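Coordinates in review
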Amino acid sequence: MEKLIITAAICGAEVTKANNPAVPYTVEEMVNEARSAYNAGAAIIHVHVREDDGTPTQSRERFRVVMDAIRRELPDVIMIPSTGGATGMSPEERLQPTELFPEMATLDCGTCNFGDEIFDNTMPTMRAFGRRMIENGIKPEYECFEMGHIDTILDMARKGEVPGDPMQFNFVLGVKGCTPATVQNLVWMVNAIPAGSTWTSTGVGRAAFTLAAPTIVMGGNVRVGFEDNIYLSRGVKAVSNGELVEKVVRLSRELGREIASPEEARRILSLKPLK
Ligand code: KMH
Ligand code: ZN
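Below is a summary of the structure that appears in this document. What you are looking at is a predicted structure, and each value in this text was computed from that prediction instead of being measured.

For the rest of this paragraph, the subject is the coordination of the zinc ion (ligand 2). For the zinc ion (ligand 2), the full set of protein donor atoms is H46 (NE2), H48 (NE2) and E227 (OE), at a range of 2.1 to 2.2 Å. One chain supplies every donor to the zinc ion (ligand 2), and in sequence these donors are spaced H-x1-H-x178-E. With a gap of 181 residues between them, H46 in strand β2 (residues 44-47) and E227 in the loop between β12 (221-224) and β13 (231-233) connect regions that are remote in the sequence. A relative accessible area of 3% places H46 in the buried class. Judged by its relative accessible area of 21%, E227 falls in the partly exposed class.

Written as structure tokens, this is what we have:
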């Protein structure tokens, strides 16, 4: 089995300092949180950006400033900027980070409920995102919130509308209104992707670690971070993203699986090596 790739989703678009004061907004806070996650064992940072007051934004310039600052501090880390942004943003707004030619970016695989909101990903939107990623040489991380999202994206890959083999999936389970974070659902989703694909699971809320454990054993990769969960354990808020990553590292080592460095993660994900 390959080593475990850990992704830290350090801030997301929805969670606020009112939920957990450690949620980063400013460039300096983003860098500090990225560093804490990296030092704990994360090879990948999933990047959302905020204005200094916490308002979610997809501004290309804000992404440039934040990603450059993280890059200066962590020269080899893999960054996956979000093209999901926050619910209600337009496709054009959401696409801005792809203008920075990141090595990867998220591509959300269908419309779904998202708590009280609707996360809108129509077929034309997804085709536009796929075209952009093909043109700009960006490897998508296919975010699947629902079981049907897998079929949708596999059909698009067959038609050449999104980048194909080898595909990297992220099964984001436990969003209110979407596929629940159960082991049965995870197994179903893993069985639905083509051989040779890589995959990550993200357990939202209290499922953060109960989904991580089976994922580690099954050979998948794990995402944790404030975007998905602000608690280290029941009733105990995490003081940093690093603390959440450390817990995954502990679980993985107990289960006999070592942690991938960014260089190892690049090989596992079929990304170009840095040098
Ligand atoms: N904030 C969610 C509505 C992504 O990064 O691609 C969508 C999201 C997915 O976070
Ligand atoms: Zn995200």
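Another aspect to go through is the environment of V224. By the element assignment, V224 lies in strand β12. Sequence separation of V224 and Q96 is 128 residues, and the distance between their C-alpha atoms is 24 Å. Once residues within four sequence positions are removed from consideration, V224 is found in contact with T7, A8, A9, F209, L244, V245 and V248.

What follows concerns the side chain of T215. Tracing the sequence through the fold places T215 in helix α7 (residues 208-218). Note on T215: relative accessible area 0%, which makes it buried. With near-sequence residues (within four places) excluded, T215 lies in contact with L186, W199, S201, G220, N221, V222 and R257.

Around ligand 1 sit E14, H46, H48, S82, G84, G85, T87, T106, D108, F114, F119 and E227, and those are all the residues in its vicinity. One nitrogen or oxygen atom from the side chain of S82 is found 2.7 Å from an oxygen atom belonging to ligand 1. A distance of 2.7 Å separates a nitrogen atom of ligand 1 from a polar backbone atom of G85. If ligand 1 stood free it would expose 300 Å²; the protein chains cover 99% of that surface. Among the residues making up the shell around ligand 1, the classes are represented as two nonpolar, seven polar and three charged.

So, about the nonpolar core. I6, I45, V47, I70, F226, V245 and V248 are the most contacted members of the largest nonpolar core, which has 41 residues in total. Broken down by secondary-structure element, the contributors of at least two residues to this core are β1 (6-9), α1 (27-40), β2, α2 (60-73), α7, β12 and α8 (241-254).

This brings us to the packing of α7 against α8. Contact pair α7 / α8: the axes reach a minimum separation of 10 Å and the direction vectors enclose 40°. Taken together, α7 and α8 sit at an angle that is classed as oblique. When the axes of α7 and α8 are compared, the crossing they make is right-handed. Residues F209, A212 and I216 of α7 touch α8, and the partners they reach there are L244, K247, V248, L251 and S252. When grouped by side-chain class, the residues that make up the contact of α7 with α8 number six nonpolar, one polar and one charged.

The rules behind these values
- Residues numbered from 1 in each chain as written.
- Chains lettered and ligands numbered in written order.
- Predicted model: local features only at pLDDT ≥ 70, side-chain atom pairs only at ≥ 80, totals over all residues.
- Heavy atoms only, no water.
- Donors = N, O, S within 2.8 Å, 3.2 Å for Na, K, Ca; no water.
- Helix = DSSP H or I, 4+ residues; strand = E, 2+ residues; numbered from the N terminus.
- Buried < 20%, exposed > 50% of the residue type's maximum accessible area, 1.4 Å probe, protein only.
- Contact = heavy atoms within 4.5 Å.
- Near = heavy atom within 4 Å.
- Polar contact = N/O pair within 3.5 Å; in protein donor to acceptor, adjacent residues only side chain to side chain.
- Areas by Shrake-Rupley, 256 points an atom, 1.4 Å probe, with all protein chains shown as cover.
- Nonpolar A, V, L, I, M, F, W, Y, C, P; charged D, E, K, R; others polar.
- Core = buried A, V, L, I, M, F, W, Y, C linked by side-chain atoms within 4.5 Å.
- Axes fitted to C-alpha atoms, helices over the stretch in contact; angles between N-to-C directions.
- Parallel < 35°, antiparallel > 145°, perpendicular 65-115°, else oblique.
- Left-handed = near helix turned anticlockwise from the far one by under 90°.

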